[in-house]
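Topology and contacts: notes
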Amino acid sequence: MSNGARVRRDIWKLEDEQAWHPITRAYALGVRELTRRNDDPDDPTSWAWQAQIHGLPDFAQDPPYRGQCQHFCFFFLPWHRCYLHWFERILRAAIQGIDEIDAETKAAWSLPYWNYSGGADRLRLPDPFIEETLDDGTANPLFVDVRRPSINRGEPMDALAAGLAEALAPRRYVDDPLAVGFGGAPVSNHWGDNANRTPGPVEGTPHGAVHVAVAGLMGDPAFAGLDPVFWMHHANIDRLWEVWRNDGGENPDPGSEWGTTEFHFHDENRNPVTCTAAAVVDMPGELGYTYEDTDVPDTGRRGRRRRVKPDIPDNPPELVGATEEPVELGSGRSDVEMDVGRATGPAARRGGDPERVYLAVEGIEAVGRPDVTYAVYLNLPDDEDPDDAPEAFYVGNVDLFGIEAVGRVDTDAAHGLRRTFDITELVAELREEGGWDAKAITVTFSPLKHGYDREEPDLPGPVKVGRIGLYYR
Amino acid sequence: MAAALQRARRRLAEAGAAAVAALAWLRLLAPAAGGEGVRALHDEAHAAAALAAGAAGWVLMAVAMMLPGALPAARGLAVTALWTRRGRTVALFLGAYVGVWAAFGAAAYAALAVAGGVPALLLPAVLALAALWQLTDAKWRAVRSCHLLPTLPPRGRKADRACAAAGMRYGRSCLTACWPLMAAMVLAGHASVGLTALIAAVVTAEKLAARPSRLAAPTAAVVAGAALISIPI
Ligand SMILES: [Cu+2]
């Protein structure tokens, strides 16, 4: 940790030290101050404007500042780091002007992060976000009443929504578009690839799954930034990027298009600023902060196993099986069977087993905004209940945060959506247990639980998957 | 060398189609570049079998102009097909796509035949219309919908049919996006190499651009310029 860098703290540790820790309280008062600025619709430091940077209703865009969030692609992490950084500067400046906050808190203040992956008791919202009033009886700026009722009652999210095993697994930031890179697939140009976007796994879970679990404003990219939890959630996602690097992950070349593409924000003095990935990859040096904790968590047996053989062949993955018809997912369990053939391209030349196996959920579409994240299982026996989250068959999640953008042709970002899972270690385990047949597989989708009562998801219509594909590499 | 070629072929499922587009350009440019003899041969062919030569000329032009911009889409479908079906996927998709443009040409030439003569100002008028079309919302919605590709079943006749249907759907989007430009090409004919190259550059650029609608004003200006130049004096 470099000297003088501020530290973004874990909200749970703050609250363990002291309920309504001064840092938390300063966040609330800062949010209140930014909300006051909403009266001026042209003030880029207002709470409303800051949320509009992420999204405008109906996916409208107001370049270069508003409706700009980068999703389903390799700009997801750096764009949100820029976004958070300039938001934090604005909020920090606002906090300096609030009399009730003491000098020590003002000097130390950084955006806290919400680490929901640290155990069963961390899967809920911390109390300062679900209490309706502050200790002085005034309305609590951190409370939002339209969240999922179970979340505002302090009930936990489904643990699968906060899982890190898939998020931290990829060894490359960018990989072949049909494989799984940590940061998501490149998008900036259609040359050579089609527009079926593939987000990095961290963008799906925990990112998207937590958005959907909190729901309300958080469930819609156009309004998510209006819920104060949003910023702490994204601080945690940003922290996971550092955790991944701490685990040996390497970022793309800062001189590449990934590093040099410019994004536009405002600083605390309302002056326009540009931000690039290259300018934010060195956090303590360039941005002046670090995270309280970037230790690599234990991601279980499969995570350890992946470490043993992390090499990835350079040839592209090849399809060896897929569903014949589109699949419709509903509010219960869906089992999908498909035939699998043998590799006949580069994956076959090594003879025998593929080095990597990928499961792709392709052509995902939905009506409206489905309030659901699906857990995906491979070869789950009929007598296993998906609600027990049987880890031996668990592939990962398909979250649908931002699905409304898919298939729209009114902006230049028109795209489809694909989610890909690296299931090499899962297949190896199934094979050892006798649960693998190289000629056919069954893929099971099952909605995650919402709260203790296991509320059913609310679906405006069926969720459609164009095809499920199995790829060897 | 052989290994490098092998690798390229593995990476580029659409390489064959790119070669076809390149050959189409060579053939299209031959009468203009090949000197008196080639030109005479070409004129002879048109005189001897006007309909066949006209149809062949139109398809040749459609392939040269429209294939390059469609290669990424073909590639996108090919890399998600079974390894043994990659070439077939590219051929079916692009074949159906060129078929849409062939049908457009047939309809346009039939309309011309019914109308009899062509007024000299029709070409500049259609180009002016095309320039205006570049500025409409409908045009860019169609360009963007080209990038939305369906998923295809893995094997058999079903895969063939779905692949051809994807090519036709892609063709329809592309037709919506480019019909006035290609109507101008019907009037100008494939001997107008300059106009062919210009319009091909426009349609290819807008297909491949990451942010296509940014090209609205510049391409409208280019096409309007072509309209001005084509006014007979
Ligand atoms: Cu988000």
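Please read all numbers here as calculations on a predicted model, not as lab measurements. (Residues numbered from 1 in each chain as written. Chains lettered and ligands numbered in written order. Predicted model: local features only at pLDDT ≥ 70, side-chain atom pairs only at ≥ 80, totals over all residues. Heavy atoms only, no water.)

**Some words on the overall build of chain A**
Helices and strands together make up the secondary structure of chain A, namely 15 helices and 15 strands. Its C-alpha atoms give chain A a radius of gyration of 22 Å, near enough to 23 Å, the size a compact globule of 473 residues would have. A principal-axis box enclosing the C-alpha atoms of chain A has dimensions of 70 × 50 × 45 Å. Buried positions account for 62% of the 473 residues belonging to chain A. Across chain A, contacts joining residues at least 24 apart in sequence account for 76% of those joining residues at least 6 apart. Here chain A has roughly 17700 Å² of accessible surface; of this, 47% comes from carbon and sulfur atoms. Taking the average place of the 47 positive charges on the side chains of chain A and the average place of its 82 negative ones, the gap between the two points comes to 4 Å. (Helix = DSSP H or I, 4+ residues; strand = E, 2+ residues; numbered from the N terminus. Rg over C-alpha atoms; globule rule 2.2 N^0.38 Å. Buried < 20%, exposed > 50% of the residue type's maximum accessible area, 1.4 Å probe, protein only. Contact = heavy atoms within 4.5 Å. Areas by Shrake-Rupley, 256 points an atom, 1.4 Å probe, with all protein chains shown as cover. Lys, Arg positive; Asp, Glu negative; His and termini not counted. Charge placed at Lys NZ, Arg CZ, Asp CG, Glu CD.)

**Concerning the pattern of salt bridges**
Residue and element names in this part refer to chain A. Using the criterion set out here, one finds 39 salt bridges over all chains in the structure. With a closest N to O distance of 2.9 Å, Asp 43 and Arg 270 form a salt bridge. Remark: Arg 270 occurs in the loop between β3 (263-266) and β4 (272-275) and Asp 43 occurs in the loop between α2 (22-36) and α3 (47-54); sequence separation between them is 227 residues. Overall, Arg 270 belongs to the partly exposed group, its relative accessible area being 39%. In the salt-bridge network here, residues are joined through shared partners; they are Arg 8, Arg 81, Glu 88, Asp 238, Glu 242 and Arg 245. (Salt bridge = Lys/Arg side-chain N within 4 Å of Asp/Glu carboxyl O.)

**Re the state of the cysteines**
On inspection of all chains with the given rule, the structure shows one disulfide over all chains. A sulfur-sulfur separation of 2.1 Å characterises the disulfide bridge that pairs A:Cys82 with A:Cys275. Classification of the bridge connecting A:Cys82 and A:Cys275 rests on its S-S torsion, roughly -80 degrees, and on that basis the disulfide is left-handed. Residue A:Cys82 is found in helix α4 (residues 76-96), and its partner A:Cys275 is found in strand β4; the two are separated by 193 residues along the sequence. There is no disulfide at B:Cys146, and the cysteine sulfur nearest it, in B:Cys174, is 5.2 Å away. (Disulfide = S-S within 2.5 Å.)

**Focus: the confidence of the model for chain B**
With 96% of its residues at a pLDDT of 70 or more, chain B shows a mean pLDDT of 89. Interface confidence for the predicted complex, given as ipTM, is 0.89, next to a pTM of 0.91. (pLDDT = per-residue confidence, 0-100.)

**So, the coordination of the copper ion**
All names here are of chain A. Looking at the metal site, the copper ion is ligated by His 207 (NE2), His 211 (NE2) and His 234 (NE2), spaced 2.0 to 2.2 Å from it. Along the chain, the residues that donate to the copper ion are spaced as H-x3-H-x22-H. Note that His 207 and His 211 are positioned in helix α8 (residues 201-214) at a spacing of four residues, about one turn of the helix. Like His 211, His 207 is buried. (Donors = N, O, S within 2.8 Å, 3.2 Å for Na, K, Ca; no water.)

**A closer look at the domain arrangement of chain A**
Residues and elements named next belong to chain A. Annotation of chain A at the domain level lists domain 1 (6-303) and domain 2 (310-472). Computed over C-alpha atoms only, the centres of domain 1 and domain 2 are separated by 27 Å. Listed as interface residues are 42 residues of domain 1 and, on the opposing side, 50 residues of domain 2. Of the roughly 4100 Å² buried between domain 1 and domain 2, counting both surfaces, carbon and sulfur atoms make up 55%. Scanning the region where domain 1 abuts domain 2 turns up three salt bridges. Across the pair Arg 148 and Asp 371 runs a salt bridge, and its minimum N-O distance is 2.4 Å. Linking domain 1 to domain 2 there are eleven residue pairs in polar contact (both at pLDDT 80 or more). Elements with a minimum of two residues in the side of domain 1 that touches domain 2: β2 (196-197), α8 and α13 (300-308). For the side of domain 1 that touches domain 2, the leading source of residues is α8, giving eight residues. Among the residues making up the side of domain 1 that touches domain 2, the classes are represented as 15 nonpolar, twelve polar and 15 charged. (Domains from an automatic or database assignment. Buried area = accessible area lost by both parts, 1.4 Å probe. Polar contact = N/O pair within 3.5 Å; in protein donor to acceptor, adjacent residues only side chain to side chain. Nonpolar A, V, L, I, M, F, W, Y, C, P; charged D, E, K, R; others polar.)

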